[in-house]
Amino acid sequence: MTTKSRSPNRHAFTLIELVVVMLILATLAGLVAYSLGGVMDRYQMNRAIETIELFDARARRQAIRSRRPLETRIDRGRNLLSIEPSARRSPATFRLPRRVEIAEIRMGRTTVAGGPLQLGINRHGQSESYAIHLQRGSVQRWLVVLGTSGQIVALNDKGEADAILSL
């Protein structure tokens, strides 16, 4: 009777192999998280731009429909945009997405100091032109709101915003 000699078959991984695989997975997860962070910043910035567009359009429509001037308020400390209530309407409030901040507001070439911006809209739906500088993470945009038409232009540079406001 012959006895088979058992050769040592390896059916398990060594500790070093497991550590190497875990390091590779951790590196890949870090890269994915980093790239998704930029995507989220851009997504939230686009949501903030849409919020400002809705706020401005609603305020202009409300002034035209009521045939009365109204006041709007942009509170950069609380990231709130509000349309003052009229006799028949309750106040409308818009909130920017989390961690998107209003870094600066400009009227013409002048920076609006400190507190909120009170902006009047006449009964024809027109206001002064203004610019809002938004930031979230590494993403930033300048929004220039043209007062006579309500058109909103998104820009990357403060100089471009100043150039439009000085026209």
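It should be emphasised that the depicted structure is a prediction, and the values quoted were computed from it without experimental measurement.

A short note on the pairing of strand β9 (residues 152–155)
Sheet topology note: the strand β8 (residues 139–145)/β9 ladder contains four bridges and is antiparallel. Looking at the pairing, W142 lines up with L155 of β9. Between β8 and β9, which pair antiparallel and follow one another directly, the connecting turn spans six residues, one of which, G150, has a positive phi of 80°.

A short note on the nonpolar core
In terms of nonpolar packing, the biggest core is built from 29 residues, with I74, Y130 and L134 touching the most fellow members. Looking at this core, the elements with two or more residues in it are α1 (15–66), β1 (70–75), β2 (80–83), β3 (92–95), β4 (101–107), β6 (117–121), β7 (130–136) and β8. Sort the elements by how many residues they give to this core and α1 lands first, with seven residues. If you look at the next biggest cluster of nonpolar residues, it comprises six residues, including W142, L155, A161 and L165.

Topic: the pattern of salt bridges
Applying the stated rule across the entire model yields six salt bridges. Ionic pairing is found between D56 and R60, a salt bridge with its closest N-O pair at 2.6 Å. Here D56 pairs with R60, and both are found in helix α1, just four residues apart, close to one helical turn. Owing to a relative accessible area of 3%, D56 belongs among the buried residues under this scheme. Among the salt bridges present, the one from R106 reaches D162, with a minimum N-O distance of 2.8 Å. You can see R106 sitting in strand β4 and its partner D162 sitting in helix α2 (residues 158–165), a full 56 residues away along the chain.

Conventions adopted
Residues numbered from 1 in each chain as written. Predicted model: local features only at pLDDT ≥ 70, side-chain atom pairs only at ≥ 80, totals over all residues. Heavy atoms only, no water. Pairing = 2+ DSSP bridges. Helix = DSSP H or I, 4+ residues; strand = E, 2+ residues; numbered from the N terminus. Core = buried A, V, L, I, M, F, W, Y, C linked by side-chain atoms within 4.5 Å. Buried < 20%, exposed > 50% of the residue type's maximum accessible area, 1.4 Å probe, protein only. Salt bridge = Lys/Arg side-chain N within 4 Å of Asp/Glu carboxyl O.

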